[in-house]
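Examination of the molecular architecture
Each chain is listed here by its residues.
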Amino acid sequence: MIRAARLLAAVLPLAGLAALWAQSDRTYHSGTEWEVPIMGYDPRDYLRGHYVEFSYDWPGLPGSDILPSALCLEGAAPVIDRVTTHAAFPSCAHPVMARASDIYGLDGLFRGRLYLGQNRAEALQSELQDRDQRGIVTIRQREDGSFTPISIRFRPLTAAEKAERDAPQDVPLSPFDPPAVMESMR
Amino acid sequence: MSARRIAHWHEAGIIDAATRDRLLAYEDAHARPLLLWAVWGIGALAIGLGFVSVVAANWENIPGLVRLGVHLALIAGLVGLVFFREDRLVEGSPWSVEALVFVTAALGLTFFGHLGQVYQTSSPLWQPLAVWLALFAPLLLLTGRSWPTALAVVGGAVWTAWEYASAMTGNGVPRNPGTFWLAWLGAAVALPVTLALAGGWMRARSLRPDFWRRIEQLALTYAVALASLACAVASGGGFGDSSLLAGTPSLACGVVIALAGIAHFAVRPGVSGQMAAAIITEAGITIAAAEWANDRIVPAALLFFVLWAGIAAAALRAHWRGVFQLAVGVIAFRLVILSFELAADLLTSGFGLILSGLMILGVAWVAVRVSKRFAPDAEPDT
């Protein structure tokens, strides 16, 4: 009996790790690829390896203080035309959802991370600092609403985006205007 | 080196030829060529570090599948070595198996991080920790021989329990504020203490009593640490600050530990076992009672004194010399802190400073006297 127990104790970790590996591999390679613009990058270097942390900038999501925990992607993959907050399962073909068990918890639709090698992280750092570029993260979205970021790339800003970015600086500040904070609350 | 000395002593007429030869024979048999070992060690370390840095520099050029494959093969090789060669390795040195098993378990834990890196998966830390514990605890429990593997088991359980409890109460707010849920979280934090039962039960029955003794000791230490922590939190008025530090979870935690302590009385007969059971039970009661003393200086200190006086009494009874001295030292230290808690303004005047200094010296003197006068003779069985 002790022989059987020893054999089980030796096989269990190997079988368990191998099963986890197989499951991770299968999950990673399944799903539809979508491209999501990102902003606010933060390269990190933890024990778990180099990774870059970013915020998703979902197209068409109205700015609001309330963070939805589910979104519906609309468009033809990989291009997202817009997202809506009506992500009820039967009606939405491509839902993405934040899960409480994810590393960012219910913030999972707003922040994400992508593991990178050291050299790639260094190369990326300079690209991240370039204000004339837009970061795009490719995610694999699955039918159950789970998704995994799989790669990051950059494209130059379009003229319209540049104009939008530079616009507020052209407005002269008047001492008689209400403070900017109140302006935005109106 | 010693051979020349011995020859000198013989020439000086201190030892005769027979003694010299016996001394030389003894030195030969017990030679410890430290310098040679050091050179070997440095060489091995340099090769190891070089290997690690070569792999690290080319990390991303190695495909993920290859990396994971090598990692898993390494674990498989070590597990195979332990499985097929354990008896032979133990004959050489029990520590070699201990080190092998520990390294295998550590490699297993890093495999989870490695998977996350290759497949961009992320999950709260308690999940991989719990899976790791489930996969590797049988191996550790069946082949562990000393404290490193015992520490891996008990430490892994404690780490998992705390990660779980804090993940479930993110930012101090529980996912589910129900009483039952809070009680469950408190019980989960207490669960690693039940390993003491396994240790106490197995140490008389297993061929590896040292391992099970360490398991029991570590679990008991965790119970005492939790109880001391509860007293410290009560002393600082911390109960109610977050959902985990509140009445229901601490009561549940204390009750589970006290029940484990009561069961321990039955599990391990003998003075040492009964005293260990008494300490665990007492720690559980202290945790359950800690909220009662919240933000009250004297009751919180009293609770702490009762806990550690009980430990000192148990140590006296079971002849644990080191534990007794530790308990006396801890009580003396807490007394000094209590004096400052009660009269914080002592520190603001010169006279007060002198007074508090004298008091600290007095407490230290009494503690040393008590420790020397009453400390029991050490017994090998702790």
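Here, every reference points to the structure presented above.
To start, this report covers the structure provided alongside it.

The next thing to look at is the interface of chain A and chain B. Facing 33 residues of chain A, the contacting portion of chain B comprises 27 residues. Looking at the side of chain A that touches chain B, the elements that each hand over two or more residues are α1 (2-28), β6 (111-115), α2 (118-129) and β8 (147-156) of chain A. Among the elements that line the side of chain A that touches chain B, the one with the most residues is α1(A), at 16 residues. Its residues assigned to classes, the side of chain A that touches chain B comprises 18 nonpolar, nine polar and six charged.

Residue and element names in this part refer to chain A. Taken together, the three strands give an open sheet; going across it, the order is β4-β3-β5, and neighbouring strands pair in antiparallel fashion. Of all strands in the sheet, those bounded by a partner on one side alone are β4 (82-84) and β5 (95-97). Across the sheet, the mean angle from the axis of one strand to that of its neighbour is 35°, orientation sign disregarded. Where strand β3 (residues 70-74) lies against β5, three bridges are found, and the strand directions are antiparallel. If you follow L71 over to β5, its bridge partner there is V96.

Residues and elements named next belong to chain B. Where helix α8 (residues 179-190) contacts helix α11 (residues 247-267), the axes come no closer than 7 Å and their chain directions differ by 45°. Judged by the inter-axis angle, α8 sits oblique to α11. Handedness of the crossing formed by α8 with α11: right-handed. Each of T179, L182, A183, L185, G186, A187, V189 and A190 in α8 lies in contact with α11, whose residues at this interface are T248, P249, S250, L251, A252, C253, V256 and I257. Partitioning the contact of α8 with α11 into residue classes produces twelve nonpolar, four polar and no charged.

Quick look at the pairing of β3(A) now. Of the pairings in the sheet, the one linking β3(A) to β4(A) comprises three bridges and is antiparallel in character. Following the sheet pairing, C72(A) is matched in β4(A) by T84(A).

Among the nonpolar cores identified, the biggest contains 99 residues, and A223(B), I257(B) and I280(B) are the most heavily contacted of them. Counting residues per element, this core draws most heavily on helix α10 (residues 209-235) of chain B, which supplies 14 residues. Taken together, domain 1 (63-168) and domain 2 (183-382) of chain B each give at least three residues to this core, which thus spans both. Setting aside residues up to four positions removed in sequence, I257(B) forms contacts with A190(B), V193(B), A223(B), I280(B), A283(B), G284(B) and I287(B). Counting residues in each nonpolar core, the second largest holds 23 residues, with Y51(A), V83(A), L109(A) and L124(A) among its members.

What counts, and at which threshold
- In this numbering scheme, every chain counts its residues from 1 along its sequence in written order.
- Chain A is the first chain written and ligand 1 is the first ligand written, with later ones labelled in order.
- Owing to the predicted nature of the model, reporting of local features is limited to residues with pLDDT of at least 70; listing and counting of side-chain atom pairs is limited to 80 or more, with chain, interface and lining totals taken over all residues.
- Once C-beta atoms are placed from the backbone, any two residues with those atoms within 7 Å are in contact.
- Secondary structure elements are defined from DSSP: runs of H or I of at least 4 residues count as helices, runs of E of at least 2 residues count as strands, and each element is numbered from the N terminus.
- When residues are sorted by character, Ala, Val, Leu, Ile, Met, Phe, Trp, Tyr, Cys and Pro go into the nonpolar class, Asp, Glu, Lys and Arg into the charged class, and all the rest, Gly among them, into the polar class.
- Strands are labelled as partners when DSSP assigns at least two bridges between them.
- Convention adopted: a line fitted to C-alpha atoms gives each axis, helices being fitted over their contacting stretch, and angles between N-to-C directions are expressed from 0 to 180 degrees.
- With respect to orientation, any angle under 35 degrees is reported as roughly parallel, any angle over 145 as roughly antiparallel, any angle of 65 to 115 as roughly perpendicular, and every other angle as oblique.
- For any pair of crossing helices, the crossing counts as left-handed if the nearer helix is rotated counterclockwise from the farther one by less than a right angle, and right-handed if it is rotated clockwise.
- To define a nonpolar core, we join buried Ala, Val, Leu, Ile, Met, Phe, Trp, Tyr and Cys residues through C-beta atoms within 7 Å and take the resulting set.
- Field definition: a residue is buried when 20 or more other C-beta atoms are found within 10 Å of its C-beta, exposed when 12 or fewer are, and partly exposed for counts in between, with C-beta atoms placed from the backbone.
- Boundary definitions for the domains trace back to an automatic or database domain assignment.

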